[in-house]
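# Coordinate inspection notes
Below, each chain spelled out in residue letters.
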Amino acid sequence: MRNSDNSRLSKPHFDWPLLVASYLLALYGVLAITIANYDPTLGSDRSLQELIMDANNGRLQLMWVVVSMIAVALVMSVKYDIIGRLWPMIYVVDVLLLALVMTTSKINGVAGWFQFLDRTFQPSELAKLALIITLSKALTRYPDRPIPTFRYFVYICIHFGIPALLILLQPDIGTLMVFCVIFVALLFAAGFELRWMFLLGGLAVAAMTPVVFYLASTNNFRWLRLVAFLDPESDPTGSSFQITNSKITIGSGGLYGKGAWAEGTLTHLNYVPENHTDFIFSVVGETLGFVGAIVLLTLYAFVIYRMLLLAYHTRDKFGQLIIVGVMAMLLFHVYENIGMCIGVMPITGIPLPFISYGGTNLVVNMAGIGLVLNVTAHKSSIDLTDKKQS
């Protein structure tokens, strides 16, 4: 990268490349959802606008894209250091929402949604951003003190553990996995040595061992999903159904795909359940082919790489950790979702960022991008002073 580019990234700026790439992904998602909900009986000899408007979920997703612009603007309107000072209030509200949602009726075995008329709100999605903000602030609580000490490590673990436990009790294993990835990424970026990671890993294994044995003994559906991942042929019409059908659907697309509006595709025959949400990648793979999948992955790679660059050129530790947290959240979402669609990761119900249908997830992801843009636009004077001295 040229020196002028390095200099610009080190100074306060609005990072247009990151915002544009993120909204290209969101619009790609509107297209994919429209394809998944396309009704061949209505014909394809219509404009793309008409196709989107006629696809109920596509129309709603486009509405959420517009709403997300407001979310980005709101997040950008308050400097990130001020947001950091509000971390106790953010943490308390986060914990209260996660506790209250457990009193609601379960959907697919998870008490994770508040119902408002015909719409739902999932507080665990918002909790990811809350964790990034509050944990980043906690990890910069003593900037002049060498870290970590054992006492400080315990404090950080408790800070993480309360909302994580509430998510486990819902139980939302997919979101819990995202929480753990964010936690480890922020610890590493904050300067915690590998020995603390090994200690954390040992504690996690010790805690999860009885849970795994319980799931296996009760033949819980989460255990069946794990078995299906390890041996997809074990139950092809039951727990392995989605994985098997998803791989067949993606593989049938070939190099260029069967076409977005082609009739008789596996996508339009609903061969893969939930293909507009968790398994949206199967729609991309079949209808747009390998080329369409590569375009999607290239956009993701650019967004992740851009955030990596922005984190590297941010000297303010709190701001840097925010960027790392958002980057880790999105990267794991992409890896896990596409991995489960092609059979290299177990099914967890984690959506594909910007692409899967869902207003809460899209708005939260865009708010995360807004947080990153907030950091780049409002870098502190300390950040700039440190840069000049280095």
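Quantities reported herein were computed from a predicted structural model and do not represent experimental measurements.

It is worth spelling out the packing of aromatic side chains at this point. Any aromatic ring pair is given by two values, namely how distant the centres are and how the planes are angled relative to each other. Taken as a whole and assessed by the stated rule, the structure comprises 8 aromatic pairs. Ring plane angle 10° and centroid distance 6.4 Å describe the contact between Phe114 and Phe121, whose orientation is recorded as stacked. The exposure class of Phe114 is buried, given its relative accessible area of 16%. Ring centres of Tyr152 and Tyr155 lie 6.2 Å apart, and the angle between their planes is 15°; on these two criteria the pair is classed as stacked. Of the two residues, Tyr152 and Tyr155 are both situated in helix α8 (residues 150-169); the distance of 3 residues between them amounts to about one turn of the helix. When its relative accessible area of 6% is taken as the criterion, Tyr152 is described as buried. Feature note: the residues Phe160, Phe179 and Phe183 constitute an aromatic cluster, connected by ring pairs.

The next point concerns a nonpolar patch on the surface. A cluster of nonpolar residues, Leu255, Tyr256, Phe290, Val291, Ile294, Val295 and Leu297, forms a patch on the protein surface that exposes about 650 Å² of accessible area. If you trace the backbone, Leu297 turns up in helix α13 (residues 280-312).

The next point concerns the pattern of salt bridges. If you walk through the whole model with that rule in mind, you get 5 salt bridges. Among the ionic pairs, Asp15 bridges to Arg306, the shortest N-O distance being 2.8 Å. Within this pair, whereas Asp15 is found in the loop between α1 (3-10) and α2 (16-36), its partner Arg306 is found in helix α13, the two being separated by 291 residues in sequence. When sorted by exposure, Asp15 lands in the same class as Arg306, which is buried. Across the salt bridge formed by Glu286 and Lys258, the nearest N and O atoms sit 3.0 Å from each other. You can see Glu286 sitting in helix α13 and its partner Lys258 sitting in the loop between α12 (241-251) and α13, a full 28 residues away along the chain. For Lys258, a relative accessible area of 37% puts it in the partly exposed group.

Conventions adopted
- Sequence order as written defines the numbering, with residues in each chain counted from 1.
- Only residues with pLDDT of at least 70 are given local features in this predicted model, and only at 80 or more are side-chain atom pairs given and counted; all residues enter the totals for whole chains, interfaces and linings.
- Heavy atoms throughout the structure, all of them, feed into the side-chain values; hydrogens and water do not.
- Between the rings of Phe, Tyr and Trp (Trp by its six-membered ring), a pair exists once the centres lie within 6.5 Å; its type follows the angle of the planes, with under 30 degrees stacked, over 60 edge-to-face, and the other angles tilted.
- Only protein chains enter the accessibility calculation, which uses a 1.4 Å probe; a residue whose area is less than 20% of its type maximum is buried, one above 50% is exposed, and one in between is partly exposed.
- Each helix corresponds to a stretch of at least 4 residues labelled H or I by DSSP, and each strand to a stretch of at least 2 residues labelled E; elements are numbered beginning at the N terminus.
- Think of a patch as exposed residues, more than 30% relative accessible area, with no salt bridge, where like charges cluster within 9 Å and nonpolar side chains (Val, Leu, Ile, Met, Phe, Trp, Tyr) cluster within 5 Å.
- Here, Shrake-Rupley sampling with a 1.4 Å probe gives the accessible areas, and only protein chains in the shown set may cover a residue.
- Salt bridges are defined by distance alone: a side-chain nitrogen of Lys or Arg within 4 Å of a carboxyl oxygen of Asp or Glu.

From the geometry alone we can't say anything about function, so treat these as descriptive.
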